[in-house]
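A structural walkthrough
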Amino acid sequence: MVPAIRMLREHWPEYLMEAAGLGAFMVSAGLVATLLEHPASPLHQALPSPLLRRALMGIAMGLTAIALVYSPWGRRSGAHLNPAMTLTWLRLGKVATWDAAFYVAAQFVGGTAGAFLVSALLGSAFRGPPISAIATTPGPAGPLAAFFAEAAMAFGLMLLVLTATGTPRLMRLTGLFAGTLIALYITVEAPLSGMSLNPARTTSSALAGGLWTHLWIYYLAPPLGMLLSVEAYRLLRRDRPVACAKLDHSPHHRCIHCGYQPPVREVAHA
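Residues numbered from 1 in each chain as written. Predicted model: local features only at pLDDT ≥ 70, side-chain atom pairs only at ≥ 80, totals over all residues. Heavy atoms only, no water.

1. Regarding a nonpolar patch on the surface
On the surface, Leu 31, Leu 117, Leu 121 and Leu 122 cluster together to form a nonpolar patch covering roughly 340 Å² of accessible area. Per element, the largest residue contribution to the nonpolar patch is three residues, and it comes from helix α6 (residues 97-122). By the secondary structure assignment, Leu 117 is in helix α6. Leu 117 gets classed as partly exposed once you look at its relative accessible area, which sits at 44%. (Patch = residues over 30% accessible without salt bridge, like charges linked within 9 Å, V, L, I, M, F, W, Y side chains within 5 Å. Areas by Shrake-Rupley, 256 points an atom, 1.4 Å probe, with all protein chains shown as cover. Salt bridge = Lys/Arg side-chain N within 4 Å of Asp/Glu carboxyl O. Helix = DSSP H or I, 4+ residues; strand = E, 2+ residues; numbered from the N terminus. Buried < 20%, exposed > 50% of the residue type's maximum accessible area, 1.4 Å probe, protein only.)

2. Remarks on the side chain of Ser 229
One can find Ser 229 in helix α11 (residues 215-236). You can call Ser 229 buried: its relative accessible area is 0%. Reaching out from Ser 229, the side chain makes a polar contact with the backbone oxygen of Met 226 at a distance of 2.5 Å. Apart from the residues within four sequence positions on either side, Ser 229 is in contact with Phe 155, Met 158, Leu 159 and Leu 162. (Polar contact = N/O pair within 3.5 Å; in protein donor to acceptor, adjacent residues only side chain to side chain. Contact = heavy atoms within 4.5 Å.)

3. Examining helix α3 (residues 50-69)
An α-helical segment advances 3.6 residues per turn. Residues three or four places apart therefore align on the same side. Here α3 contains 20 residues, and its C-alpha end-to-end distance of 28 Å stays within 8% of the 28 Å for a straight helix at 1.5 Å per residue. Along α3, the positions that sit buried rather than exposed are Arg 53, Met 57, Gly 58, Met 61, Gly 62, Thr 64, Ala 65, Ile 66, Leu 68 and Val 69. Its buried side turned inward, α3 meets α1 (3-37), α2 (42-46), α4 (72-77) and α9 (174-193). (Expected span 1.5 Å × (residues − 1).)

4. What about the pattern of salt bridges?
In the structure shown here, the tally under the stated rule is eight salt bridges. Between Arg 53 and Glu 37 there is a salt bridge; the shortest N-O distance is 3.2 Å. Residue Arg 53 is located in helix α3, and its partner Glu 37 is located in helix α1; the two are separated by 16 residues in the primary sequence. Overall, Arg 53 belongs to the buried group, its relative accessible area being 9%. Residue Glu 37 is classed as partly exposed on the basis of its relative accessible area, which comes to 27%. A single network of salt bridges, built from pairs that share partners, joins Glu 14, Arg 76 and Arg 254.

5. Here we look at the packing of α1 against α6
Across the interface, α1 lies against α6 with an axial gap of 6 Å and an inter-helix angle of 35°. For α1 against α6, the interelement crossing comes out right-handed. Each residue belonging to the contact of α1 with α6 can be placed in one class, and the counts come to 18 nonpolar, eight polar and three charged. (Axes fitted to C-alpha atoms, helices over the stretch in contact; angles between N-to-C directions. Left-handed = near helix turned anticlockwise from the far one by under 90°. Nonpolar A, V, L, I, M, F, W, Y, C, P; charged D, E, K, R; others polar.)

These values are about where atoms sit, not about what they do.
As structure tokens, this is what we get:
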């Protein structure tokens, strides 16, 4: 059987879970951003501080990310939810080539579906300025600053994931660490680049809102930063092999990446 077809037949649930995960993230981001940033929103009017609003946005999205990582679907697929992360696991040899291809496709499709769902629910309040379908665009510091900021954030996030998953006493906390870092990034860095870290997330917003400014930044910087983190991890933690391509490797869910199968429960007979 052709490898691609075999992978699709055997692993399609994980692909759908990746699509649903990023779709859910985009729905959460779109609803919270509109609530916090649309001028007509009572919450926006009650919170005049942009820093406070970004902090609340960061908390909301950090909690969303944590919930997705530790959800049954996230535990089964690995909760990459990001083509840059999937490609990094591929670089490490922890994801098969066709699995990586289908994961990336699913992430783009799922993220776009989520963005269009919010667009259908909120209409021009979401698609038009200042929300612009939560588009990620360079801030006043310009495209170069946005590029380096995205690369640095991606480097930090992936290095954290590799370190935590490679440390037995920390590995079950990887999702919590990642969600906390995302919350911090949104609070502090968003004015520089819009805080994407994710080519599929940026494309989803661009398709829904029609704003394609400097898309190359968000296609190049996150993969570059994450791939560089691999080299840093190998240099700093030569004694720690890279773990499986999951942010939470639950013993209750199969793993298509390392081949783990949960033990079959014996049925008691009367």
